[in-house]
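# Structure at a glance
Here is what each chain is made of, one letter per residue.
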Amino acid sequence: MASTVKYVRVSPNSASLEEARRRVFDFFKTACRSIPTIMEIYNIDDVVTPTQLRSIVASEIRKNSHISNPKVIDMLLFKGTEELNNIVEHSKQRHHILGQYVLGRPEITPDSATKEQGSEYLKNFFRSNYF
């Protein structure tokens, strides 16, 4: 399963901003292609959908859309590739993935049926306890 990303290498430097941008798009495609593998490895089908994970990956990339220095983009691309390799090679545990990428996102909320049951105290607890 790790073979989908295992041999992805980041070249040392991008010659221009256009090349760096193309490489970011290639990384995004690779990350999106590895989402089914990630969902299978970590068994997170009950928490998040592939579409939601794809939007999380896109939002993580968009966080740095203001950067225009190709060397900085290359460094961020290297860090992203290493993170993806760690996830696909199962170097993280399920709760690491959920805490870092799933919980606390405004587009992803826990099951609303469990939130509506219980007292006002529990509703406040569930609202504030998701990172």
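You'll find the structure just up there.
Residues numbered from 1 in each chain as written. Predicted model: local features only at pLDDT ≥ 70, side-chain atom pairs only at ≥ 80, totals over all residues. Heavy atoms only, no water.

Summing up its helical and strand segments, the protein has eight helices and zero strands in all. Helices and strands in the protein line up, N terminus first, as α-α-α-α-α-α-α-α. Burial statistics for the protein: of 131 residues in total, 28% are counted as buried. Pairs at least 24 residues apart make up 72% of the contacts formed inside the protein by residues separated by at least 6 positions. Total accessible area on the protein stands at roughly 8,800 Å², and carbon and sulfur atoms take up 54% of it. (Helix = DSSP H or I, 4+ residues; strand = E, 2+ residues; numbered from the N terminus. Buried < 20%, exposed > 50% of the residue type's maximum accessible area, 1.4 Å probe, protein only. Contact = heavy atoms within 4.5 Å. Areas by Shrake-Rupley, 256 points an atom, 1.4 Å probe, with all protein chains shown as cover.)

Moving on to helix α2 (residues 17-33). The terminal C-alpha atoms of α2 lie 24 Å apart, and with 17 residues this matches the ideal 24 Å at 1.5 Å per residue to within 8%. For α2, the secondary structure elements touched by its buried residues are α3 (35-42), α4 (50-62) and α5 (70-88). (Expected span 1.5 Å × (residues − 1).)

For the rest of this paragraph, the subject is the layout of surface pockets. Size it by volume and the largest pocket reaches roughly 970 Å³. Around the largest pocket, the lining is made up of 33 residues, and of these Phe 27, Val 57, Glu 60, Ile 61 and Asn 64 lie nearest the centre. Only α2, α3, α4, α5 and α6 (94-102) provide two or more residues apiece to the lining of the largest pocket. In terms of residue class, the lining of the largest pocket is made up of 22 nonpolar, five polar and six charged. (1 Å grid on protein atoms, 1.4 Å probe; cavity = no way out; pocket = protein on both sides within 12 Å on 5 of 7 lines; lining within 4 Å. Points joined across faces, edges and corners; volume = space filled by probe spheres on them. Nonpolar A, V, L, I, M, F, W, Y, C, P; charged D, E, K, R; others polar.)

This part covers the pattern of salt bridges. Enumeration according to the criterion identifies five salt bridges in this entry. Across the pair Lys 63 and Glu 60 runs a salt bridge, and its minimum N-O distance is 3.3 Å. What makes Lys 63 exposed here is its relative accessible area of 52%. Accessibility expressed as a relative area gives 24% for Glu 60, which makes it partly exposed. One salt bridge in this structure joins Lys 92 and Glu 83, with 2.5 Å as the shortest N-O distance. Its relative accessible area of 15% is what places Lys 92 among the buried residues. (Salt bridge = Lys/Arg side-chain N within 4 Å of Asp/Glu carboxyl O.)

Glancing now at α4. Its 13 residues give α4 an end-to-end C-alpha distance of 18 Å, which sits within 8% of 18 Å, the value for a rise of 1.5 Å per residue. Taken residue by residue, α4 has Leu 53, Ile 56 and Ala 58 as its buried positions.

Among the nonpolar cores identified, the biggest contains 19 residues, and Ile 38, Tyr 42, Ile 44, Leu 53, Leu 84 and Ile 87 are the most heavily contacted of them. When residues in this core are grouped by element, the largest group, five residues, is from α3. If near-sequence neighbours (up to four positions away) are discounted, Ile 38 is found in contact with Asn 43, Leu 84, Ile 87 and Val 88. (Core = buried A, V, L, I, M, F, W, Y, C linked by side-chain atoms within 4.5 Å.)

Turning next to the side chain of Thr 81. Looking at where Thr 81 falls in the secondary structure, it is placed in helix α5. Of note is the side chain of Thr 81, whose polar atom sits 2.8 Å from the backbone oxygen of Leu 77. (Polar contact = N/O pair within 3.5 Å; in protein donor to acceptor, adjacent residues only side chain to side chain.)

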